[in-house]
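A closer look at the structure
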Amino acid sequence: MTTGAATGWATPAPARRGTTARVVLDSPLPQLDHLFDYRIPDGLAAEAIPGVRVTVPLRSAGRVARGYIVETVDASDGFDGELSPLDSVVSAVPVLTPEVWALARKAADRAAGGAGDILRLAIPPRQVRVEKVWQRAQEESPAVSSPPDAPEIDGYGSALADLLAGHQRIALDVIPQVVQLESGTWVGRWAVTIAQAAARTVAAGETAILVVPDYRDSDQLFAALSEYLPPDRITRVDASQPNADRYRAFLDCLTDIPRVILGNRSAVYAPAKSLGLLTIFDDGDPLYSEPLAPYVHARDAALIRQQQSGAALVLAGHTRSADAQRLVDIGWLDAIGPERAKAPRVVITAKADHEDAVAVTARIPSMAWRLAKEAIASGPVLVQVARPGYAPVVACGTCASAARCRTCAGPLRIASAGAAPSCTLCGAIAAGWVCPTCEGTKLRLVTRGTGRTAEELGRAFPGVPVLISDGERQVTAVEGKPALVIATRGAEPVAAGGYAAVLLLDAGRMLAAEHLRIGEDCLRWWSNAAALARPGAPVVLTGVTGDLARALATWTQPAFAHAELLDRRALRFPPAVRAASVSGDAAAVAEALAEVRDLPGASILGPTPADDGVRAILRLDYGQAGEAARLLRGAVVRNATKRRKAPQGKAGYRPPPTLKVRFDDPEILS
DNA sequence: AGCACGCCGACT
DNA sequence: GTCGGCGTGCTC
């Protein structure tokens, strides 16, 4: 049997191996979320080391659960029954490192959730063949590239490099530009800045974890990293990878070789030997909000990991999230920007005059129109719209009431040019639609998606190619030639040389969405698009004035975030306070809330009826949130252990909903 | 979850 | 008397 110590990838064997293994189970059940002690049988003594996957008996023979050895000890403390023996060691690779275990435990505790749920994000499913090949390769001690040179970080003098070398925590304002790499690829300047910082970390013999919202950002950053680092120093850990690739990348992260680990939100949990830098790009992006229990936001996980590891932390973006701003305001993060300010040229137009404009230009104010016409001769023009599709919302052409589906009353849309209207929810075709209010038969397009916008603009600019980039058909890069690029917010391609003009066409409509975070989101969408313009090119904001327009025009996003945070403080909304939703059976919710209602500064909204039970919102000062999470977790465990099945004979009985606690629930702000 | 243990109604 | 119903609680 090979042991890890011989091949360099295992945790060093302790001087004296314990006789007892403390095991975390791979289970979502709250009542099993603690360590279980097992006797290590003689036959497994060599393999049963911390971090390995094991199977263990649970309650009765024949029933086995999967888990990981967290530590080995000599005597079990706190449990004085007879220990069962470990069932088996699944694999010799110690996949759960002590650092990741500490992170998972703390992140779960902070969110009133289970560590096992975090581990499922942190450790990909095992792929036996991949693991065998990888183990063999490790035993042959593969050649490692020599450490790279440390590049300068352009645009920040020595300030940023000094802060990183001192492992500081930073809110970084990136430079809103596109640049061409030596490979010829054009990327956002942010990617180069982060790549340079990461390369310096690797040159110093440490590992950097770089987290980005999605694969488009990942591709840009990967291209930039490749300018500074050899391929064996860059490991991509995307959840969209095939399982085999994902597991291979994960295993590579376990080695001692300092590297850059690049990936989406779950990359914050990647194992890393001597972590020196952790960056999150555009931390306001909702993709960082984990949709799986216990719903830990990648930013929060990063903050915990920074504290535990002492690595440098960078929250970078064209905008500052209110959450990052709070950390700046309390002195937890140092705010740093470029040496020389480089703001895009933002042109604000008054509200579009819909009354006397011709149909084709209805959404486009004359100034925007003129600037686009001028610009298109010299290069691509980006048109940002709110929605994909053709006509996502339609209404009666006569009385203007919203058009609804006859079957399910869902809203109707027109999916493509010339298509019959269909239901957004059930998909039913609404041929021969008649307005139930006024009996009109004509439909009016209330909103125009990418498709309809492309059609309209294509007609207005004959001979100019029109490209569409939205959620379904994503274009990642366009050439520097005249073209109209119609994109939904967040799906804008990078243009070679930058866009000759950027039209933020549906700004007013985007801002009208009912969401307390909408101002922050809009500024982020617009700023990210503006950063794709070439120097001096006009960025036209239509239909929006006021603080938000001023923040974009003067490129003072941190000031906007600060003002936003003051508003939230006055209202006691996140992130000025921490909030959690508590939902489930009315009695269970009441019992859970009774535990926390007397904590200093706690306040409760509700409970209000919610699907199959009730839901309440709990607001807490940050200092009390940890204690609240502990108390609520206790309530969840008690609820889980006493929940019972239907009494026999009662047909149609539904068991009461389980008690759920969700900290930092994004729906609280909607 | 899944399984054993335990305390009240119909049975040989 | 005891067989077995399912409500209750635990899992190292």
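Residues numbered from 1 in each chain as written. Chains lettered and ligands numbered in written order. Predicted model: local features only at pLDDT ≥ 70, side-chain atom pairs only at ≥ 80, totals over all residues. Heavy atoms only, no water.

Some thoughts on the domain arrangement of chain A
- Considered domain by domain, chain A is made up of domain 1 (5-96), domain 2 (139-336), domain 3 (345-567) and domain 4 (578-669).
- Averaged C-alpha coordinates put domain 1 and domain 3 at centres separated by 56 Å. (Domains from an automatic or database assignment.)

Observations regarding the pattern of salt bridges
- A complete count under the given rule lists 34 salt bridges for this structure.
- The salt bridge partner of Arg265 is Glu290, with a shortest N-O separation of 3.0 Å. Placement of the pair is Arg265 in the loop between strand 11 (260-263) and strand 12 (275-281) and Glu290 in the loop between strand 12 and helix 9 (298-309), with a sequence separation of 25 residues.
- By relative accessible area, Glu290 is classed as buried at 4%. (Salt bridge = Lys/Arg side-chain N within 4 Å of Asp/Glu carboxyl O. Helix = DSSP H or I, 4+ residues; strand = E, 2+ residues; numbered from the N terminus. Buried < 20%, exposed > 50% of the residue type's maximum accessible area, 1.4 Å probe, protein only.)

Some remarks on the pairing of strand 28 (residues 603-610)
- Two strands pair when backbone bridges link them, and strand 28 and strand 29 (residues 613-620) are joined in this way by six bridges, in the antiparallel orientation. The partner of Ala610 across the bridge, within strand 29, is Gly613.
- Once strand 28 ends, the chain turns through two residues before running back antiparallel as strand 29, passing Asp612 with a positive phi of about 60°. (Pairing = 2+ DSSP bridges.)

Observations regarding the sheet that holds strand 29
- Reading across from one edge, 28-29-27-30 is the order of the four strands in this open sheet, with antiparallel pairing throughout. Here the strands that pair on one side only, and so sit at the sheet edges, are strand 28 and strand 30 (660-663). Neighbour to neighbour, the strand axes of the sheet diverge by 20° on average, direction disregarded.
- Bridge analysis of strand 27 (residues 578-584) against strand 30 gives four bridges, and the strand direction is antiparallel. Paired with Ala580 across the two strands is Phe663, which belongs to strand 30.
- Strand contacts of helix 18 (residues 622-642): strand 27, strand 29 and strand 30, with the helix running at about 160° to strand 30, the strand carrying the most contacts. (Axes fitted to C-alpha atoms, helices over the stretch in contact; angles between N-to-C directions. Contact = heavy atoms within 4.5 Å.)

Focus on the state of the cysteines
- A complete count under the given rule lists zero disulfides for this structure.
- With no disulfide of its own, Cys405 lies closest to Cys426 among cysteine sulfurs, the gap being 3.7 Å.
- Look at Cys405 and you get buried, because its relative accessible area is 7%.
- Looking at the unpaired Cys423, the closest cysteine sulfur is the one in Cys408, lying at 3.5 Å. (Disulfide = S-S within 2.5 Å.)

Examining the sheet that holds strand 26 (residues 538-542)
- On the basis of which strands lie adjacent, the open sheet formed by six strands has the order 15-26-25-16-23-21 and parallel pairing. Here the strands that pair on one side only, and so sit at the sheet edges, are strand 15 (345-349) and strand 21 (466-469). Here the strands of the sheet are splayed against their neighbours by 20° on average, with no regard to which way each runs.
- Of the strands in this sheet, strand 16 (380-385), strand 21 and strand 23 (483-488) touch helix 12 (residues 450-460), which is tilted by about 160° from strand 23.
- Strands in contact with helix 14 (residues 518-530) are strand 16, strand 25 (501-504) and strand 26; relative to strand 16, the strand with the most contacts, it is inclined by about 170°.

Focus on the UniProt feature "binding site: Zn(2+) 2" (unreviewed entry) in chain A
- UniProt records the feature "binding site: Zn(2+) 2" (unreviewed entry) for Cys405, Cys408, Cys423 and Cys426 in the present numbering. These annotated residues cover 22 residues of sequence, and their C-alpha atoms lie no more than 8.5 Å from one another, placing them together at a single site.
- Within the element layout of this structure, Cys405 appears in the loop between strand 17 (393-396) and strand 18 (412-413).
- Filtering out sequence-adjacent residues up to four positions away, Cys405 remains in contact with Gly410, Leu412, Cys423, Cys426 and Ala428.
- Residue position: Cys423 is located in strand 19 (residues 422-423).
- For Cys423, a relative accessible area of 1% puts it in the buried group. (UniProt positions renumbered as here; feature names shortened; annotations may be inferred.)

Examining unusual backbone geometry
- The step from Ala293 to Pro294 runs through a cis peptide bond, and the omega angle for that step is 0°.
- Inspection of the secondary structure assignment puts Pro294 in the loop between strand 12 and helix 9.
- The residue after Gly606, namely Pro607, is reached through a cis peptide bond having omega 5°.
- In this fold, Pro607 is placed in strand 28.
- Of note in this structure, Ser274 is not a glycine but carries a positive phi near 40°.
- Among the secondary structure elements, Ser274 is positioned in the loop between strand 11 and strand 12.
- Under the relative-accessibility criterion, Ser274 is labelled partly exposed at 46%.
- If you check the backbone angles, Ala409 has positive phi at about 65° while not being a glycine.
- Tracing the sequence through the fold places Ala409 in the loop between strand 17 and strand 18.
- When its relative accessible area of 43% is taken as the criterion, Ala409 is described as partly exposed.

Structural notes on the packing of aromatic side chains
- Scanning the entire structure with this criterion turns up three aromatic pairs.
- On the numbers, 6.1 Å between centres and 15° between planes, the contact of Tyr247 with Phe250 is stacked. Separated by three residues within a single helix, Tyr247 and Phe250 lie in helix 8 (residues 243-253), roughly one turn from each other.
- With a relative accessible area of 4%, Phe250 lands in the buried category.
- Geometrically, the ring pair formed by Trp369 and Phe461 is tilted, given 5.5 Å between the ring centres and 45° between the ring planes. Placement of the pair is Trp369 in helix 11 (residues 366-376) and Phe461 in the loop between helix 12 and strand 21, with a sequence separation of 92 residues.
- For Arg236, the ring lying beneath its charged end belongs to Phe222, and the centroid distance is 4.6 Å.
- Here the basic side chain of Arg619 rests over the ring of Phe573, its NZ or CZ set 5.9 Å away from the ring centre. (Phe/Tyr/Trp six-rings, centres within 6.5 Å; stacked < 30°, edge-to-face > 60°. Lys NZ or Arg CZ within 6 Å of the ring centre and 35° of its normal.)

Quick notes on the nonpolar core
- Ranked by internal contacts, the top residues of the largest apolar core, which has 54 residues, are Leu96, Ile209 and Tyr269.
- If you tally residues by element for this core, the top one is helix 2 (residues 98-110), at six residues.
- No fewer than three residues from each of domain 1 (5-96) and domain 2 (139-336) sit in this core.
- Those residues within four positions of Tyr269 in sequence are excluded, and the remaining contacts are Val100, Leu103, Ile118, Leu121, Ala122, Val296, Ala301 and Arg305.
- With 39 residues, the next largest nonpolar core counts Leu163, Ala208, Leu221 and Ile336 among its residues. (Core = buried A, V, L, I, M, F, W, Y, C linked by side-chain atoms within 4.5 Å.)

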